[in-house]
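What follows is each chain in one-letter form.
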Amino acid sequence: MRLLTTETGAGQWGSALAFACSQFDLECRIWMVRASYDQKPYRRSLMRVYGATVHASPSPMTGAGSKVLADDPDSPGSLGIAISEAVEVAGANPDARYALGSVLNHVLMHQTVIGEEALAQLPEMPDLVIGCTGGGSNFAGLSFPFLREKLAGRLATEFRAVEPAACPSFTRGAYAYDFGDTAGFTPLLKMHTLGHSFVPDPIHAGGLRYHGMSPLLSHMYELGLFEAVTRSQRECFAAGVRFARTEGILPAPEPTHALAETIAEALRCKESGEEKVILTALCGHGHFDLAAYDRYLADELEDYSLPQERIDLALTELPG
């Protein structure tokens, strides 16, 4: 194996894999969702510095990308489309393998090192764990070790997933078997989905622009083990600015969803007088998102309204 292919939304996963490939002398080809490719030029520059080849998705290089472009030449792309392209190229090359950065259950389990470290380090256990959700790796990686302790009767922690209002798989999607990618190359996964053909609006949280949720998280949501809420783009950037001015750390757009909910919960506790330990994970910095922060500060950043008919239309294309 000499080549790894992958997709990336905002580019954090692509950057990580690009660097890893450079350490092992592997070729790395990355399909970066078009919206993020345009919004975050320096993130794709970083991947190229690490030695990766980066393509905007949808691209004319693959059958899956060409089909999308034929239907919509101005498509902003989606993680589902980018996955299709990366899988197609790997499947046609015996020297290539495909690496996924989220969604699949084994990826979530690998990410639990985050929650295990938090569990070992915290001086007192959280009453509430909050995480952003796109495919599921961030929220699961943080929450699963604490959830294990709760199921064993050792904790009373509650859990809350926060997803974009523009891509609300948990709160407005269907729990059904669906493809993990747009072209239908992957096996069917039972998950909360907006439909594999659903293309989210081009919010700046590119890592959360995915049509479905991990099968593990979807099953747990059906069991009522955690709750899910949505947050709009502008309120998330407001939380990001507040966090930066308080902590001196500029967050990426993805974790600002969790930060917005964390701040709202803290303010509710302040008003009620309830004492609560709240845990969240800052899963990325926003240094490559300053153009988006500029737009927010200039009052030019928009919230997207997602009509129910767009979801309904995509759900009509569920397999079976």
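In this report, we go over the structure that sits alongside the text. Computed from a prediction, not measured in an experiment: that's the story for all the values here.

Ordered in space as 3-2-1-4, the 4 strands form an open sheet in which the pairing is parallel. What marks the edges here is a single partner per strand, and that holds for strand 3 (53-57) and strand 4 (96-98). The mean inter-strand angle of the sheet, taken between neighbouring strand axes irrespective of direction, is 25°. Where strand 1 (residues 3-8) and strand 2 (residues 27-33) come together, 6 bridges link them in parallel fashion. Along strand 2, the bridge assignment pairs Glu7 with Trp31. Strand contacts of helix 3 (residues 41-49): strand 1, strand 2 and strand 3, with the helix running at about 170° to strand 2, the strand carrying the most contacts. Of the strands in this sheet, strand 1, strand 2, strand 3 and strand 4 are in contact with helix 5 (residues 79-91), which crosses strand 1 at around 170°.

Here the structure, examined in full by the defined rule, presents 7 aromatic pairs. With centroids separated by 4.7 Å and ring planes inclined at 40°, the aromatic side chains of Phe170 and Tyr221 adopt a geometry described as tilted. Placement of Phe170 in helix 9 (residues 169-172) and of Tyr221 in helix 10 (residues 215-222) is noted, with a sequence separation of 51 residues between them. Judged by relative accessible area, Tyr221 falls into the partly exposed class, the value being 22%. Seen from their ring centres, Phe170 and Phe226 are 5.4 Å apart, and the 70° between their planes marks the pair as edge-to-face. Of this pair, Phe170 sits in helix 9 while Phe226 sits in the loop between helix 10 and strand 9 (227-231), placing them 56 residues apart in sequence. For the pair Phe170 and Phe226, one class covers both residues: buried. An aromatic cluster of three or more residues is present, and its members are Phe139, Phe170, Tyr221 and Phe226. Here the basic side chain of Arg44 rests over the ring of Tyr37, its NZ or CZ set 4.1 Å away from the ring centre.

This brings us to the nonpolar core. Residues Phe146, Phe159, Phe170, Leu217 and Phe226 are the most contacted members of the largest nonpolar core, which totals 21 residues. For this core, the elements supplying multiple residues, two or more each, are helix 7 (113-121), helix 8 (137-151), strand 6 (158-164) and helix 10. For this core, the element with the most residues is helix 8, which contributes 6 residues.

With that out of the way, let us pick up the packing of helix 4 (residues 63-71) against helix 5. The contact between helix 4 and helix 5 brings their axes to 7 Å, and the two run at 145°. Contact with helix 4, carried on its side by Gly63, Ala64, Gly65 and Val68, involves Ile81, Ser84, Glu85 and Glu88 of helix 5 and no other residues of that element. A class-by-class count of the residues in the contact of helix 4 with helix 5 yields 3 nonpolar, 3 polar and 2 charged.

Our focus in this paragraph is the packing of helix 11 (residues 233-247) against helix 13 (residues 290-297). Contact geometry for helix 11 and helix 13: axes closest at 10 Å, N-to-C directions at 105°. Relative to helix 13, the element helix 11 is oriented roughly perpendicular. In this structure, helix 11 uses Arg234, Phe237, Ala238, Gly240, Val241 and Arg245 to contact helix 13, whose residues at the interface are Ala292, Tyr293, Tyr296 and Leu297. Its residues placed into classes, the contact of helix 11 with helix 13 shows 7 nonpolar, 1 polar and 2 charged.

What follows concerns the sheet that holds strand 9. The strand order 9-6-5-10 describes an open sheet built from 4 strands, whose pairing is parallel. Whereas interior strands pair on both sides, the edge strands pair on one side only; in this sheet they are strand 9 and strand 10 (278-280). The sheet shows a mean angle of 25° between the axes of neighbouring strands, direction not considered. Bridge analysis of strand 6 against strand 9 gives 5 bridges, and the strand direction is parallel. Opposite Val162, over in strand 9, you have Val229 as the bridge partner. Lying on the sheet, helix 8 is in contact with strand 5 (128-132), strand 6 and strand 10; it crosses strand 5 at an angle near 155°. Against the sheet, helix 12 (residues 253-272) engages strand 5, strand 6, strand 9 and strand 10, with an angle of about 150° to strand 5.

Another point: the pairing of strand 1. When you tally the buried positions in strand 1, you get 6 out of 6 residues, the bulk of the element. Side chains Leu3, Thr5 and Glu7 project from strand 1 onto one buried face, and the interleaved Leu4, Thr6 and Thr8 project onto a second face that is buried too. Remark: the strand 1/helix 1 (residues 12-23)/strand 2 crossover connection has right-handed handedness. Pairing geometry for strand 1 and strand 4, over 3 bridges, is parallel. By the bridge assignment, Leu3 is partnered in strand 4 with Ala96.

Calculation rules
Residues numbered from 1 in each chain as written. Predicted model: local features only at pLDDT ≥ 70, side-chain atom pairs only at ≥ 80, totals over all residues. Heavy atoms only, no water. Pairing = 2+ DSSP bridges. Helix = DSSP H or I, 4+ residues; strand = E, 2+ residues; numbered from the N terminus. Axes fitted to C-alpha atoms, helices over the stretch in contact; angles between N-to-C directions. Contact = heavy atoms within 4.5 Å. Phe/Tyr/Trp six-rings, centres within 6.5 Å; stacked < 30°, edge-to-face > 60°. Buried < 20%, exposed > 50% of the residue type's maximum accessible area, 1.4 Å probe, protein only. Lys NZ or Arg CZ within 6 Å of the ring centre and 35° of its normal. Core = buried A, V, L, I, M, F, W, Y, C linked by side-chain atoms within 4.5 Å. Nonpolar A, V, L, I, M, F, W, Y, C, P; charged D, E, K, R; others polar. Parallel < 35°, antiparallel > 145°, perpendicular 65-115°, else oblique. Right-handed = clockwise from strand over helix to strand, strands pointing away.

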